[in-house]
Structures are given as structure tokens and as C-alpha cells.
Amino acid sequence: MSSHEKMFLKKAAQAAQIPEDLSRHAVLLRALGRESILIENYKGILEYSGECLVVQAADCRVRICGKNLWIAYYNEMEMKVCGCIEEIRYC
């Protein structure tokens, strides 16, 4: 996509009052202390264990590391990860 097309889409989203995170399909993370994290706008799960979860986002990967990690729920739009979260890294 050219820079001209990107600028056009950005202006169109602003005119329609669409939040930037939705118009860019950006991954959203909401940490609730160290015990859980909500992940929105992800594409898929690449790796999952009790110590590490890697999800694919539109423009990056997100790695969540910790202890006793488990997925409380997930659907095509949102996921909740629980456990002792020690690190969040964008790859």
C-alpha cells in the first residue's frame, strides 16, 4: 500500500470518527495487574505453554511470559490470559 493510500485511509477513518486502533487493526493489550491481560485485535496463537504465549497481530508478534499462564477464554476478537505475568514483549 502506498503512502498516499495510507494517508487517504487515515483521513477517511478520522472523518468517520473511527478510533485509530480499529482503523489500523492495532493489537490492544490491557493488563489487569500482574494476574491477567486482555488481548484484542490479534490474528492467531503461534505458541502456547504455561510459561509463554505468542500471538500474531497485524504488524507484529506479542510474547507474554510468566508462570502458570492459561487462556481463560478466547474468540476471534479477544482473549484473556491469566497467571503470573512477568514480561510482555513486542517482536
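Above: the structure in question.
Bear in mind that the values here come from a model prediction, so they are computed numbers and not experimental data.

Trainee: A description of the sheet that holds strand β1 (residues 28-32) should follow, citing residues and the corresponding values.
Mentor: Sheet strands pair by backbone hydrogen bonding; their relative direction is either parallel or antiparallel. A sheet is described by the order of its strands in space; here six strands give the open sequence β1-β2-β6-β5-β4-β3, paired in antiparallel fashion. A single partner strand is all that each edge strand has here, and the edge strands are β1 and β3 (44-48). Shown here is a sheet whose adjacent strand axes are inclined to one another by a mean of 45°, direction ignored. Here strand β5 (residues 61-74) runs beside strand β6 (residues 78-90); their pairing, made up of 10 bridges, is antiparallel. Looking at β6, one finds that Cys65 is bridged to Glu87.

Trainee: Give me the lowdown on the pattern of salt bridges, citing residues and values where you can.
Mentor: Tallying each qualifying case throughout the model produces four salt bridges. A salt bridge links Glu40 to Arg30; the shortest N-O distance between them is 3.0 Å. On the criterion of sequence distance, the pair formed by Glu40 in strand β2 (residues 36-40) and Arg30 in strand β1 is long-range, its members being 10 residues apart. Between Arg30 and Glu78 there is a salt bridge; the shortest N-O distance is 4.0 Å. Taken together, the residues Arg30 in strand β1 and Glu78 in strand β6 connect sequence positions 48 residues apart. Its relative accessible area of 42% is what places Arg30 among the partly exposed residues.

Trainee: Explain the environment of Arg89 residue by residue, including any values.
Mentor: With respect to the helices and strands, the residue Arg89 is situated in strand β6. Placed 35 residues apart in sequence, Arg89 and Val54 show a C-alpha to C-alpha distance of 9.4 Å. The residues contacting Arg89, other than those within four sequence positions of it, are Arg61, Val62 and Arg63. Within the structure, Arg89 has its side chain in polar contact with the side chain of Glu87 (distance 2.7 Å).

Trainee: A description of the pairing of β2 should follow, citing residues and the corresponding values.
Mentor: Of all five residues that make up β2, four are buried, and the element is covered over most of its length. Both β1 and β2 contribute to a ladder of five bridges, which runs antiparallel. Bridge pairing in β2 links Ala31 to Ile37. The hairpin turn running from β1 into β2, its antiparallel successor, is three residues long, and Gly33 in that turn takes a positive phi close to 70°.

Definitions and limits used
- Residues numbered from 1 in each chain as written.
- Predicted model: local features only at pLDDT ≥ 70, side-chain atom pairs only at ≥ 80, totals over all residues.
- Heavy atoms only, no water.
- Pairing = 2+ DSSP bridges.
- Helix = DSSP H or I, 4+ residues; strand = E, 2+ residues; numbered from the N terminus.
- Axes fitted to C-alpha atoms, helices over the stretch in contact; angles between N-to-C directions.
- Salt bridge = Lys/Arg side-chain N within 4 Å of Asp/Glu carboxyl O.
- Buried < 20%, exposed > 50% of the residue type's maximum accessible area, 1.4 Å probe, protein only.
- Contact = heavy atoms within 4.5 Å.
- Polar contact = N/O pair within 3.5 Å; in protein donor to acceptor, adjacent residues only side chain to side chain.

The analysis is restricted to geometry; functional conclusions fall outside its scope.
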